[in-house]
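# Analysis of the macromolecular model
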Amino acid sequence: MKNKVHLTFDVNGEEHEVAFDPYKTLLEVLREDMGLTGTKHGCELGECGTCTVLIDGKPELSCLVLGLECPGRKIESVEGLADGPTPHPLQVAFAELNAAQCGYCTPGILCAAKALLEEKKNPSREEIEEALSGNLCRCTGYIKIYEA
């Protein structure tokens, strides 16, 4: 605990005091120090979008953001999308339309899609494709994802 920093984060609408090594990315802090494993490790180079979370309502690649950059910012991970036991409408749509195969990319896609829908209630297919263009899926052809 000697070299750890102690900071307070607003994650999924709740304040959390977290002790972590200062070199850790937000992805590592969420998963390793906070136990929020919904956000996935992907390429860790900012190329796949698997680790996408919302920071101040905007999709960000948590593998490229240091935990030290996040106090005072609102962070929302896939765990925060649901309203208690009620899934977010995007989560319902993904389940009903079978928009995931292995599901590894789904948390990042859900976060990016939520940001799009917060900005534009009725996006066109092109706007959906553009908003999700930074999120790679290795299993699907994206059709069901776009439909959801």
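Below is a summary of the structure that appears in this document. (Residues numbered from 1 in each chain as written. Predicted model: local features only at pLDDT ≥ 70, side-chain atom pairs only at ≥ 80, totals over all residues. Heavy atoms only, no water.)

### Here we look at the overall build of the chain
Within the chain, the regular secondary structure consists of five helices and five strands. Mapped from its N terminus to its C terminus, the chain presents α and β elements in the order β-β-α-β-β-β-α-α-α-α. For 148 residues, the compact-globule formula gives about 15 Å, and the C-alpha radius of gyration of the chain, at 15 Å, lands near that figure. C-alpha extents for the chain along the principal axes are approximately 50 × 30 × 25 Å. In the chain, once contacts between residues fewer than 6 apart in sequence are set aside, the share between residues at least 24 apart is 50%. Summed over its atoms, the accessible surface of the chain is roughly 8,100 Å², and 50% of this surface lies on carbon and sulfur atoms. With 14 positive and 24 negative side-chain charges, the chain shows a separation of 2 Å between the mean positions of the two kinds. (Helix = DSSP H or I, 4+ residues; strand = E, 2+ residues; numbered from the N terminus. Rg over C-alpha atoms; globule rule 2.2 N^0.38 Å. Contact = heavy atoms within 4.5 Å. Areas by Shrake-Rupley, 256 points an atom, 1.4 Å probe, with all protein chains shown as cover. Lys, Arg positive; Asp, Glu negative; His and termini not counted. Charge placed at Lys NZ, Arg CZ, Asp CG, Glu CD.)

### Digging into the side chain of Glu28
Topologically, Glu28 is positioned in helix H1 (residues 26–33). For the buried residue Glu28, which engages in no salt bridge, the nearest side chain bearing the opposite charge is Lys24, 6.3 Å off. The residues contacting Glu28, other than those within four sequence positions of it, are Tyr23, Asp33 and His41. (Buried < 20%, exposed > 50% of the residue type's maximum accessible area, 1.4 Å probe, protein only. Salt bridge = Lys/Arg side-chain N within 4 Å of Asp/Glu carboxyl O.)

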